[in-house]
Amino acid sequence: MASIRDLKKDVNFVLGDIIEAVYLWEAGSDKKDSEEGTVIIDKAINVFDELMAKIHQKDVENNKAHFKNIRNLLEEKATALVQEFNKLSN
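Description of the structure in this document. Just so it is clear, the model here is predicted, and its values are computed rather than measured. (Residues numbered from 1 in each chain as written. Predicted model: local features only at pLDDT ≥ 70, side-chain atom pairs only at ≥ 80, totals over all residues. Heavy atoms only, no water.)

## Quick notes on the pattern of salt bridges
Move 1: On inspection of all chains with the given rule, the structure shows 3 salt bridges.
Move 2: Between Glu-84 and Lys-43 there is a salt bridge whose closest N-O contact spans 3.0 Å. Pair noted here: Glu-84 is in helix H3 (residues 63-89) and Lys-43 is in helix H2 (residues 35-55), with a separation of 41 residues, a long-range link.
Move 3: Owing to a relative accessible area of 35%, Lys-43 belongs among the partly exposed residues under this scheme.
Move 4: The partner of Glu-50 in a salt bridge is Lys-77, with the nearest N and O atoms 3.5 Å apart. With Glu-50 in helix H2 and Lys-77 in helix H3, this residue pair connects regions lying 27 residues apart in the sequence. (Salt bridge = Lys/Arg side-chain N within 4 Å of Asp/Glu carboxyl O. Helix = DSSP H or I, 4+ residues; strand = E, 2+ residues; numbered from the N terminus. Buried < 20%, exposed > 50% of the residue type's maximum accessible area, 1.4 Å probe, protein only.)

Below, the structure written as structure tokens:
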């Protein structure tokens, strides 16, 4: 069960850091509540909800493969969000 707890923490920390980065960018660039930042934050929240639903899924045949897939999804989606954020910073 510790690995599931760690996975939940990873999802929370990674996506939380992305959201925090957007807020810091908005504060530093005088673009409070920017539409671009809001879109990235909304996407991060949707990814969080999606991954948490997958983590809590009960009808899984192979737990190890299932959680490995969730980790891979987290990495892919977080990378995409970071790339979108980097476009804002330019």
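So much for the structure itself; the text now carries on.
## Structural notes on the environment of Asp-30
Move 1: With respect to the helices and strands, Asp-30 occurs in the loop between helix H1 (2-28) and H2.
Move 2: Residue Asp-30 is classed as exposed on the basis of its relative accessible area, which comes to 70%.
Move 3: The spacing of Asp-30 and Leu-74 is 44 residues in sequence and 30 Å in space, taken between C-alpha atoms.

## Concerning the side chain of Ser-34
Move 1: Position of Ser-34 among the secondary structure elements: in the loop between H1 and H2.
Move 2: By relative accessible area, which is 7% here, Ser-34 ends up buried.
Move 3: At a separation of 3.0 Å, a polar atom in the side chain of Ser-34 contacts the side chain of Glu-26.
Move 4: Within the structure, Ser-34 has its side chain in polar contact with the backbone nitrogen of Gly-37 (distance 3.1 Å).
Move 5: Setting aside chain neighbours within four positions, we find Ser-34 in contact with Trp-25 and Glu-26. (Polar contact = N/O pair within 3.5 Å; in protein donor to acceptor, adjacent residues only side chain to side chain. Contact = heavy atoms within 4.5 Å.)

Honestly, that's just the spatial picture; any functional story needs more than this.
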